[in-house]
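So the chains spell out like this:
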Amino acid sequence: MLKAGLTGGLASGKSFVGQALADLGCHLIKADELGHEVLLPGGEAYEPAIREFGRGILGANGEIDRRRLAAEVFDKPERLALLNRLVHPPVIRREEELAAEIARREPEAIVVVEAAILIETGSYQRFDKIILAVCSERQQLERAMERDGADHKEAEARIRRQMPLAEKQKFADYVIDTSGSKEETLRQTREVYHLLRSIER
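The model shown is predicted, which means the values in this text are computed figures rather than measured ones.

### Considerations on the overall build of the protein
Alright, step 1. Along the protein, the regular secondary structure elements total 9 helices and 5 strands.
Alright, step 2. Mapped from its N terminus to its C terminus, the protein presents α and β elements in the order β-α-β-α-α-α-α-β-β-α-α-α-β-α.
Alright, step 3. In the protein, which comprises 201 residues, the share counted as buried stands at 40%.
Alright, step 4. Counting contacts in the protein only where the partners sit at least 6 residues apart, residues at least 24 apart contribute 73% of the total.
Alright, step 5. For the protein, the exposed surface amounts to about 10900 Å²; the carbon and sulfur share of it is 50%.
Alright, step 6. Across the protein, the centroid of the 31 positively charged side chains sits 2 Å from that of the 35 negatively charged ones.

### Observations concerning unusual backbone geometry
Phi is mostly negative for residues that are not glycine, and the peptide bonds are mostly trans.
Alright, step 1. The backbone of Ala 11 sits at a positive phi, close to 55 degrees, despite the residue not being glycine.
Alright, step 2. Following the sequence through the fold, Ala 11 ends up in the loop between β1 (2–8) and α1 (14–24).
Alright, step 3. A positive phi is found at Asp 75, a non-glycine position, where the angle reads about 60 degrees.
Alright, step 4. When you line up the elements, Asp 75 lands in the loop between α4 (66–73) and α5 (77–105).
Alright, step 5. Relative accessible area serves as the criterion here: at 54%, Asp 75 is assigned to the exposed category.

### Structural notes on the pattern of salt bridges
Alright, step 1. Taken as a whole and assessed by the stated rule, the structure comprises 19 salt bridges.
Alright, step 2. In this structure, Glu 44 engages Arg 94 in a salt bridge whose closest nitrogen and oxygen atoms are separated by 2.8 Å. Of this pair, Glu 44 sits in the loop between α2 (31–38) and α3 (46–53) while Arg 94 sits in helix α5, and the two are 50 residues apart along the sequence.
Alright, step 3. Residue classification places Glu 44 among the partly exposed residues on the basis of a relative accessible area of 35%.
Alright, step 4. Between Arg 161 and Asp 75 there is a salt bridge, and its shortest N-O distance comes to 3.9 Å. Of this pair, Arg 161 sits in the loop between α7 (152–160) and α8 (165–168) while Asp 75 is found in the loop between α4 and α5, placing the two residues 86 residues apart along the sequence.
Alright, step 5. By relative accessible area, Arg 161 is classed as partly exposed at 43%.
Alright, step 6. Here the salt bridges share partners, and the residues they tie into one network are Lys 3, Glu 95, Glu 96 and Arg 126.

### Some points on the packing of aromatic side chains
Alright, step 1. Within this structure, the stated rule accounts for 1 aromatic pair.
Alright, step 2. Relative to Phe 171, the ring of Tyr 124 has its centre 5.0 Å away and its plane inclined at 65 degrees; by these criteria the two rings are edge-to-face. Of this pair, Tyr 124 sits in the loop between β3 (110–114) and β4 (129–134) while Phe 171 sits in the loop between α8 and β5 (174–177), placing them 47 residues apart in sequence.
Alright, step 3. Classification of Tyr 124 as partly exposed rests on a relative accessible area of 22%.
Alright, step 4. By relative accessible area, Phe 171 is classed as partly exposed at 29%.

### Focus on the pairing of β1
Alright, step 1. Among the 7 residues that make up β1, 7 are buried, leaving the element largely enclosed by the rest of the structure.
Alright, step 2. Judged by which residues are buried, β1 turns out to be covered on both faces: Leu 2, Ala 4, Leu 6 and Gly 8 on one side and Lys 3, Gly 5 and Thr 7 on the other are all buried.
Alright, step 3. Sheet analysis places β1 next to β3, joined by 5 bridges and oriented parallel. Bridged to Gly 5 within β3 is Val 113.

### So, the packing of α1 against helix α9 (residues 182–197)
Alright, step 1. α9 packs onto α1 with a crossing angle of 55 degrees between their chain directions and a minimal axis gap of 10 Å. In terms of orientation, α1 and α9 fall into the oblique class. Judged by the twist between their axes, the crossing of α1 over α9 is right-handed. Here Phe 16, Val 17, Ala 20, Leu 21 and Leu 24 of α1 lie close against α9, whose contacting residues are Lys 182, Thr 185, Leu 186, Thr 189, Arg 190 and Tyr 193.
Alright, step 2. A breakdown of the residues in the contact of α1 with α9 according to their chemical character gives 7 nonpolar, 2 polar and 2 charged.

Procedures and definitions
Each chain has its residues counted from 1, following the order in which its sequence is written. The model is predicted, so local features are restricted to residues of pLDDT at least 70 and side-chain atom pairs to those at 80 or more, both for listing and for counting; the totals for chains, interfaces and linings are taken over all residues. With hydrogens and water stripped out, all remaining heavy atoms of the structure feed into the side-chain values. Helix and strand assignments come from DSSP, with helices taken as H or I runs of at least 4 residues and strands as E runs of at least 2, each series counted from the N terminus. Whether a residue is buried, partly exposed or exposed follows from its accessible area with a 1.4 Å probe, protein chains only, as a fraction of its type maximum: under 20%, in between, or over 50%, in that order. Contacts: residue pairs with any heavy atoms within 4.5 Å of one another. Accessible areas in this description were obtained via Shrake-Rupley with a 1.4 Å probe; residue shielding takes into account the shown protein chains only. We count Lys and Arg on the positive side and Asp and Glu on the negative side, and we leave His and both chain ends out. For this purpose, a charge sits on NZ of Lys, CZ of Arg, CG of Asp or CD of Glu. Salt bridges are defined as contacts in which a side-chain nitrogen from Lys or Arg sits within 4 Å of a carboxyl oxygen from Asp or Glu. Pairing of aromatic side chains here covers Phe, Tyr and the six-membered ring of Trp, requires ring centres within 6.5 Å, and sorts the geometry by plane angle: under 30 degrees stacked, over 60 edge-to-face, intermediate tilted. Should DSSP find at least two bridges between two strands, the strands are taken to pair. Throughout, an axis means a line fitted to C-alpha atoms (over the contacting stretch in the case of helices), and angles, computed between N-to-C directions, take values from 0 to 180 degrees. Each angle receives one of four descriptions, namely roughly parallel if under 35 degrees, roughly antiparallel if over 145, roughly perpendicular if within 65 to 115, and oblique otherwise. If you view the pair so one helix is near and one far, a crossing is left-handed when the near helix is turned anticlockwise from the far one by less than a right angle, and right-handed when it is turned clockwise. All amino acids are sorted into three groups, where Ala, Val, Leu, Ile, Met, Phe, Trp, Tyr, Cys and Pro are nonpolar, Asp, Glu, Lys and Arg are charged, and the leftover types, Gly among them, are polar.

This is the structure we're talking about:
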């Protein structure tokens, strides 16, 4: 099995690339979805998050309201680091279990883990290859505003809190530029897929 990490910046196109790789035959694991799961009632991070951030983060249904939780860590690096310490270990455990199960069924598989802060957390070291989706900052802003309904100032603040894409490129084995047409992004993605498929396992 070959394990690749897929990352990028805010609205840089990593989900589009991830889906394209899945369509080509890769097994896609979305770290963000696992992050949601570990914060659900019964999840590994649910009780610890309530202990640390208080019951004010709960919605009427008893689930953690992600917007309220986000407000607790917004522009508070030490609080965000605390949340990451609660969420990341169980996410990585689930990710490793899923990858191991895929490897048992399909030893020649390519597993792609899509994660936003793969490089910042040092997690990139757990992968055979790193794929980075990039585009211009202007496109990041436009896409984030269109996709998330964020205003310009909010989208810009979110980008500023992330490691610049130019810095992330130093850690990447493959860079997919998503600033052109979807067809062009798909062409580059197919190229990366064939390169991954050609690696001896």
